[in-house]
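Okay, here's what each chain looks like letter by letter:
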Amino acid sequence: MSNAELLLVSKTASQRSLARCPHLHIGLLGGIERILTVDLSTDEEDGTHHASESKDDQSSSSNSSSSLEEEFSSIVNIPDAAFIQAARRKRELARTQEDYISLDVKHTSTISVMRKNSDEDPESEPDDHEKRIPFTPKPTTLRQKMAEETATRNEETSEESQEDENQDIWEQQQMRKAVKITEGRDIDLSHNSESQTMKKFDTSISFPPVNLEIIKKQLNTRLTLLQDTHRSHLREYEKYVQDVKSSKSTIHNLENSSNQTLNFKFYKSMKIYVENLIDCLNEKIINIQEIESSMHALLLKQAMILMKRRQDELKHQSTYLQQLSRKAETSTNGDLAIDEKTQWILEEIESRRARRRQARTLSGNCDHQEGTSSDDELSSADMTDFQKSQGDILQDHKKIFEDVHDDFCNIQNILLKFQQWREKFPDSYYEAFIGLCIPKLLNPLIRVQLIDWNPLKFDSIGIKQMPWFTSIEEFMDSSMEDSKKENRSDKKILSAVINKTIIPRLIDFVEFIWDPLSTSQTTSLITHCRTILEEQSTFENEVSKGKKDLFKSIVSRMKKAIDDDVFIPLYPESAVENKTSPQSKFQERQFWSGLKLFHNILLWNGLLPDDTLQELGLRKLLNRYLIIALLNAIPGPDVVTKCNQIAAYLPEKWFEDSTMRTSIPQLENFIQFLLQSALKLSRSEFRDEVKEIILILVKIRAFNQAESFIEEYHLDHLKSIIKEV
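Residues numbered from 1 in each chain as written. Predicted model: local features only at pLDDT ≥ 70, side-chain atom pairs only at ≥ 80, totals over all residues. Heavy atoms only, no water.

The name that an unreviewed UniProt entry assigns to the protein is GC-rich sequence DNA-binding factor, with the source organism given as Pteropus alecto. Reading the Subcellular location (unreviewed entry) entry of the UniProt record for the protein gives the comment "Nucleus". Taken from UniProt, the Sequence similarities (unreviewed entry) comment for the protein reads in full: "Belongs to the GCF family." (UniProt positions renumbered as here; feature names shortened; annotations may be inferred.)

This is how it looks when you write it as structure tokens:
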């Protein structure tokens, strides 16, 4: 039956009921409208599968409903409020007297409850349409019908499933009786009493065999996965913690940092200062190089004058003595013709020697050997020219920075600027590698202070007393006191300055100005070199390239001096027998000059390697020149004195080993000469000099040779000398 038909039937029945019970027409009208509303909404929710059928029904029902409403409006008269109130009182009175019969027995309890509620709260009495009594069973909707059918089917299904379960229980009970239980385990096939449901045993499913190893392997795999996950979580956690710390540190630094404007001003002012300093030094470096070159040229000119004079004098003396020897051999009675230049040179040499003898006499130095003096006196004219030129250079030297502010030419002020940077902003200072830039920046200023520095002068100021040295030391000391930031670049500033500025200056003096025959120059140079290299080794353990270059130049200059300046002539015995003869005096002078060079070379002991000194002093000079001159000399006290002096110049460090019985190989020729001289002296009137020779052998650790000589020539009285040692 369609909705329209249901509506029509319902309205017809309502009209009839209203005709019989006019006092209920209001409540029924409201109930009908509510039922219709529910039915229509229910039909709409049932889906669209009735859409095609319901379109026509709806159109027809709408027409019929409109006609029915017109009938209702024409037949039914709606009462007023007074009538409704009177009807309500009459109904309550009837309920109180229970003079009516309920149409629906099932609603008695509801009516009684409503009655109680009405007694308790008369004001909350609902209207008649809210407490309406259904007279006919409510028509079921399509959804309700489907629900009833579904419930019926579920009941049937449940009954069937109950029968199936009972059947399964019976089958399992029979199987429990028939099947034997294996491996000591009871198979519980009973159903759970709580659930009262049993799953069916599916024989088609086969499970793999399970043992303890498989379970253990699976557990280990699972544990490994969990551990990996845990480790990854720990790494993430540590990363997050580190990020938090870094963020907090950044926040703290930003909070505690000074005003960024002040920082910017400082960096900007420092940048401008450095740029101006570099521009100033770039402008002045040309003047510095010119003055430095002028001073170097002046000192080189003086050194070349002295060297050339010595070589010319040596040449002229040798020529004159050779002519004199030839004249003596030919026994000519005529005078020897000498040119004016040679005559002037000989007179000049003799006048300088006379002045030196007079000076030594006044000073009380009577123990002096001819030929050991430096002979570096300049003439008055040369000395005047030298002093005037040197004064002009020093005047120009003072004018270099006379138009420059102290902040740009004073090393202490410059280092103070960088020290302020290091104290205020150490991170940016060390990140900029200022410690590596300072030596190069200070190089022109240090070279200016070194213009009048001459390491070959014994009275020259040492580098430790120079202003730049003390300023750099103070700057480095303040850097070492800074415990917050340890950086090696500042600690190497002095070493870098010595390497890049001082050592090249020393090399220039060694190669071009130093005279190895001058003991005063050699002693002063060694003193400065020791100071410089000790300061360098304090901050640098490695042997620097500058140090190697310095040693190389020293060795090269000494080799050149041995080849060019050592000359010991050999004359016939008849010419040298007379100690007052010119040949004898010249030979003695040249021998002592060579021995002085031997001494100056061995003074480098402790700076140069021992093998280098032994090569230069012993093999090249002693064995090649001095021993030959000694072999040509007449045995006597003079020879012993020379041998004693040679042994005195040998470094004691070479003979410190108490187990030595034989001296170093380079002294073998010298030892043989000593033994020959001792033999000659033992047969002459100078027997007492043999003891001196034995003492020399003992000093140079030639014990085996000395003992053999004593035993061979039965000098038993000299055995005590060896035993005492």
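Trainee: How should the packing of aromatic side chains be read in this particular structure?
Mentor: To describe a pair of aromatic rings, you give the distance between the ring centres and the angle between the ring planes. Applying the stated criterion to the full structure yields 12 aromatic pairs. Consider the rings of F266 and F425, whose centres lie 5.3 Å apart with planes at 45 degrees: the pair is tilted. Of this pair, F266 sits in helix 8 (residues 260–330) while F425 sits in the loop between helix 12 (411–424) and helix 13 (426–431), and the two are 159 residues apart along the sequence. Using a relative accessible area of 13% as the deciding quantity, one classes F266 as buried. Overall, the relative accessible area of 17% leaves F425 in the buried class. Look at W514 and W604: their rings are 5.9 Å apart centre to centre, the planes differ by 75 degrees, and that puts the pair in the edge-to-face class. Placement of the pair is W514 in the loop between helix 17 (493–513) and helix 18 (519–539) and W604 in the loop between helix 21 (582–602) and helix 22 (610–632), with a sequence separation of 90 residues. (Phe/Tyr/Trp six-rings, centres within 6.5 Å; stacked < 30°, edge-to-face > 60°. Helix = DSSP H or I, 4+ residues; strand = E, 2+ residues; numbered from the N terminus. Buried < 20%, exposed > 50% of the residue type's maximum accessible area, 1.4 Å probe, protein only.)

Trainee: Any chance you could explain the environment of K559 here in plain terms?
Mentor: Mapped onto the fold, K559 is located in helix 19 (residues 545–565). On a C-alpha basis, the gap between K559 and K620 in space is 8.6 Å, while along the polypeptide they are 61 residues apart. Those residues in contact with K559, other than ones at most four positions away along the chain, are L616 and K620. (Contact = heavy atoms within 4.5 Å.)

Trainee: Would you explain empty space enclosed by the protein in this entry?
Mentor: Unoccupied space between atoms shows up once a probe the size of one water molecule is rolled over them. Considering all chains together, one arrives at two cavities of 30 Å³ or more under this definition. Considered as a void within the structure, the largest cavity measures approximately 370 Å³ in volume. If you trace the largest cavity, you find 24 residues lining it, with R310, D375, R589, Q590 and S593 closest to the centre. When residues of the lining of the largest cavity are traced back to their parent elements, those giving at least two are helix 8, helix 9 (340–363), helix 19 and helix 21. Residues that form the lining of the largest cavity fall into these classes: three nonpolar, nine polar and 12 charged. Size it by volume and the second largest cavity reaches roughly 60 Å³. L630, L631, A633, I634, P635, V639, F673, Q676, S677 and K680 are the residues that line the second largest cavity. At the level of elements, helix 22 and helix 24 (668–682) are the ones that each hand at least two residues to the lining of the second largest cavity. The greatest single-element share of the lining of the second largest cavity, amounting to four residues, is contributed by helix 24. (1 Å grid on protein atoms, 1.4 Å probe; cavity = no way out; pocket = protein on both sides within 12 Å on 5 of 7 lines; lining within 4 Å. Points joined across faces, edges and corners; volume = space filled by probe spheres on them. Nonpolar A, V, L, I, M, F, W, Y, C, P; charged D, E, K, R; others polar.)

Trainee: Can you walk me through the confidence of the model for the protein in this structure?
Mentor: Where the model shows low pLDDT, its predicted coordinates should not be examined in detail. Considering every residue of the protein, the mean pLDDT works out to 77; 71% of them sit at 70 or more. In the model, residues 104–131 has pLDDT below 50 throughout and makes 22 contacts with residues more than four positions away in sequence or in other chains. Low pLDDT, under 50, characterises residues 181–187; the predicted model gives this stretch three contacts beyond four residues in sequence or across chains. (pLDDT = per-residue confidence, 0-100.)

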